[in-house]
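For reference, the chains in residue letters:
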Amino acid sequence: MGDRIEVPLELADFEVLGTELVEGWLEVRVESTFTAACFHCGSVEVTGNGRHLRRIRDRSFGYPTVLVWSQRRFRCRDCGRLSRERHPQLAGRKRISRRFQAQLGELSKREAWKEVACRERVSWWRIADSFEAVAASVDPYAGPPPSVISIDEASFRSRFVYHTVFSLPEQRRVVDLVEGRSQLSAFRGLSAFPDSWKEQIETVVIDLYWPYRKAIEEVLPRARIVADKFHVLRVVDKAAEKVRIRHGRRVTVVGRDGGLARGNNPRFQPEMWRSRWLFLRRHHLLTSPDQDRLDRLFATHPQVGMAWWLKEAFAAIYQATDRVEAERRLEIWVHHVEQSQLPEFKGAWHTLTYWREQILNYFDHRHTNAYAEGITNKIKVMKRRGYGHGNSHRYRRKVLLSTNHQPG
């Protein structure tokens, strides 16, 4: 015999006859109190025909809980058929209650399925079934039409298998995932939007990926395309880093390296390689000793100092108060790039030239892909907790539900 435990059943039309703790499971014996009726014709003219003990898994009350329902059986006097009593929460032949299934569905939205299955002592397929029941009732296009959308990619698995992610930064949710990372993927995702959405979308934020831009121009010709600030700055920062790396290598090398590590390798200049993170740091984050160290480095390598100044001058463009001021600063920066004769920056500006209008569009409403990048990180955490996903359809639904979860 186990211990008696009082439980708040909170299940209408049921009476608790007793509880018992058996091998870590809480068994709750219950009987129904509602009026007996025929399930087939609805007549209340029925006679008893015995009882059937039915074990149903229910939500936990400190322990994994099982309802032991003494289910009545009837014979109808009107239609003559046999039936068992039914209850909305315990309907059909399922061995779990609907409220427990709904609880499993909510947990499976934001947690790894294996974790939920181990904690609740259920099978993996039970979690999958509950998740599918929750996912089937979700409409990703419900809600007001957005004015801003973000497009980014997320890795589904290794070997360059990606999904294109469409998110709504103002509504803080993901609206769709489409297999692939191409113009066709973006076209399919955008074409699936309702017509009311296509009319209301004013801004689309993307990274510097040409196929996405072509798909947007085809499906949403009136939308403003904004090049993400982070990716634009990264192009310029990489150009400056290439200049630093080029000057960190010695031109003259006698003999072979001899297997020496980078720190002792005579081909490299230690003071230049050790300044990597200091060189990439923004000017307003530098301390006085940091600035003195950079000044000494730039005194011996003027072109590295010019590269550092160019990347900081480009970052200052994003501090402009309006589009006109940003365009003026950009023109000045381009002039300095031409005068610097640094091939790395000329190559970077050659790339950014094709995105000039999209870069300046940022200063109209200052939208970025920050929310989309956060979603990408959340997807990575979700995959690691679940040790990867093999089913692309469930992966899509999992992302949609887990990223749209709002903490209570």
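Residues take numbers from 1 onward in each chain, read along the sequence in its written order. Selection of residues for local features in this predicted model requires a pLDDT of at least 70, selection of side-chain atom pairs for listing and counting requires 80 or more, and totals for whole chains, interfaces and linings are taken over all residues. Excluding hydrogens and water, the side-chain values take into account all heavy atoms of the structure.

Caption draft 1: Examining the environment of Arg57 more closely. Locating Arg57 in the fold gives a position in strand E3 (residues 46-58). Whether two residues touch is decided by their heavy atoms; if any such pair falls within 4.5 Å, the residues are in contact. If we ignore the near neighbours within four places in the chain, the residues touching Arg57 are Trp25, Pro64, Thr65, Val66, Arg95, Ile96, Ser97, Phe100, Glu120, Arg121 and Val122. Polar contact is defined as a pair of N or O atoms within 3.5 Å, subject to the rule that within protein one atom must be able to donate a hydrogen and the other to accept it, and that residues adjacent in sequence are counted only when both atoms are side-chain atoms. A distance of 2.7 Å separates a polar side-chain atom of Arg57 from the backbone oxygen of Glu120. Here a strand is any run of E in DSSP of at least two residues, a helix any run of H or I of at least four, and the numbering for each starts at the N terminus.

Caption draft 2: Focus on the pairing of strand E10 (residues 224-227). Two strands qualify as a pair provided DSSP detects at least 2 bridges between them. Inspection of the sheet shows strand E9 (residues 203-206) paired to E10 by four bridges, in the parallel sense. Each bridged residue has a counterpart across the sheet, and for Val205 the counterpart in E10 is Val226. With helix H6 (residues 210-219) bridging E9 and the parallel E10, this β-α-β connection has right-handed handedness. By definition, the crossover connecting two strands over a helix is right-handed if that path, from the first strand to the second, turns clockwise as seen with the strands pointing away from the viewer.

Caption draft 3: Looking closely at the pattern of salt bridges. One speaks of a salt bridge when a side-chain nitrogen belonging to Lys or Arg is within 4 Å of a carboxyl oxygen belonging to Asp or Glu. Tallied over the full model, the rule gives 27 salt bridges. One salt bridge connects Glu344 with Arg246, and the closest N-O pair in it is separated by 2.7 Å. Of the two residues, Glu344 is situated in helix H13 (residues 343-353) and Arg246 in helix H7 (residues 229-248); the sequence distance between them amounts to 98 residues. Relative accessibility thresholds used throughout: buried, under 20% of the residue-type maximum; exposed, over 50%; partly exposed, between the two (1.4 Å probe, protein chains only). For Glu344, a relative accessible area of 15% puts it in the buried group.

Caption draft 4: Representation of helix H4 (residues 183-191) in the model. By the burial criterion, the buried members of H4 are Ser185, Ala186, Gly189 and Leu190. Along the axis of H4, the buried residues cluster in a sector spanning 125°; they form a single face. On its buried face, H4 is in contact with strand E6 (148-157), strand E7 (161-168), strand E8 (173-179), helix H5 (195-200) and H6. Think of the arc as the fan of directions from the helix axis to the C-beta atoms.

Caption draft 5: Inspection of the packing of aromatic side chains at higher detail. Only the six-membered ring of Trp is used, alongside the rings of Phe and Tyr, when aromatic pairs are assigned; centres must lie within 6.5 Å, and planes under 30 degrees apart are stacked while those over 60 apart are edge-to-face, with the rest tilted. Across all of its chains, the model carries 20 aromatic pairs by this definition. Between the aromatic rings of Trp113 and Trp124, the centroid separation amounts to 5.5 Å while the plane-to-plane angle is 50°, which identifies the pairing as tilted. A residue pair is termed long-range when its members are at least 10 positions apart, and Trp113 in helix H2 (residues 113-120) and Trp124 in helix H3 (residues 124-135) qualify at 11 residues. Among the aromatic residues, those joined into a ring-pair cluster are Phe314, Tyr318, Trp333, Phe345, Trp349, Tyr362 and Phe363. We call a charge positioned over a ring when the NZ of a Lys or the CZ of an Arg lies within 6 Å of the ring centre and within 35 degrees of the ring normal. Its end group placed over the ring of Phe39, Arg86 keeps NZ or CZ at 4.2 Å from the ring centre. Directly above the aromatic system of Tyr162 lies the positively charged group of Arg181, at a separation of 4.2 Å from the ring centroid.

Caption draft 6: Representation of the packing of H2 against H3 in the model. Axes, fitted as lines to C-alpha atoms, cover a helix only where it is in contact. Angles between the N-to-C directions of the axes lie from 0 to 180 degrees. For the pair H2 and H3, the least separation of the axes is 9 Å and the interaxial angle reads 115°. For the element pair H2 and H3, the recorded crossing hand is right-handed. Between H2 and H3, the contacting residues are Trp113, Val116 and Ala117 on the first element and Trp124, Ile127, Ala128 and Phe131 on the second. Considered class by class, the residues forming the contact of H2 with H3 number seven nonpolar, no polar and no charged. What makes a crossing left-handed is the near helix being turned counterclockwise from the far one by less than a right angle; a clockwise turn instead makes it right-handed. Each residue gets one label: Ala, Val, Leu, Ile, Met, Phe, Trp, Tyr, Cys and Pro are nonpolar, Asp, Glu, Lys and Arg are charged, and the others, such as Gly, are polar.

Caption draft 7: Representation of the side chain of Glu312 within the structure. As for its position among the elements, Glu312 is in helix H11 (residues 302-317). There is a polar contact of 3.1 Å between the side chain of Glu312 and the backbone nitrogen of His283. Once residues lying within four places of it in the same chain are set aside, the contact partners of Glu312 are Arg281, Arg282 and His283.

Caption draft 8: Representation of the nonpolar core. Among the buried residues, those of types Ala, Val, Leu, Ile, Met, Phe, Trp, Tyr and Cys that are joined through side-chain atoms within 4.5 Å form a nonpolar core. With 61 residues, the main nonpolar core has Leu190, Val204, Leu220, Phe314, Trp333 and Phe345 as its most contacted residues. Sorting elements by how many residues they give to this core places H11 first, with seven residues. In this structure, Leu220 is in contact with Ile149, Leu190, Lys198, Ile201 and Val204, ignoring residues within four places of it in sequence. Core analysis: the next-biggest nonpolar cluster, separate from the first, contains 14 residues, Leu104, Ala117, Ala128 and Ala135 among them.

Caption draft 9: Region of interest: the pairing of strand E1 (residues 14-22). Judged from the eight bridges that link them, E1 and strand E2 (residues 25-32) form a sheet pairing that is antiparallel. Directly across from Glu20, in E2, lies its bridge partner Glu27. In this antiparallel pair of consecutive strands, E1 and E2, the connection spans two residues, and Glu23 shows a positive phi of 50°.

Caption draft 10: Up close: the environment of Ala326. You can see Ala326 is positioned in helix H12 (residues 323-340). Residue Ala326 is classed as buried on the basis of its relative accessible area, which comes to 0%. Along the backbone, Ala326 and Ala370 are 44 residues apart, and their C-alpha atoms lie at a distance of 21 Å. Sequence-distant contacts of Ala326, defined by excluding residues within four places in its chain, comprise Ile317, Ala320, Leu360 and Phe363.

Caption draft 11: Quick peek at helix H1 (residues 98-110). By this rule, a helix spans an expected 1.5 Å times one less than how many residues it contains. With 13 residues, H1 should cover 18 Å at 1.5 Å per step; its first-to-last C-alpha distance of 19 Å lies within 8% of that length. Every buried residue of H1 is accounted for by Arg99, Phe100, Gln101, Leu104, Gly105, Leu107, Ser108 and Lys109. Here the buried face of H1 lies against E3, H2, H3 and helix H17 (392-403).

Caption draft 12: Molecular detail of the sheet that holds E6. Read from one edge of the open sheet, five strands run E8-E7-E6-E9-E10, paired in mixed fashion. Each end of this open sheet is capped by a strand with a single partner; those strands are E8 and E10. Averaged over all neighbouring strand pairs, the angle between strand axes comes to 30°, with direction disregarded.

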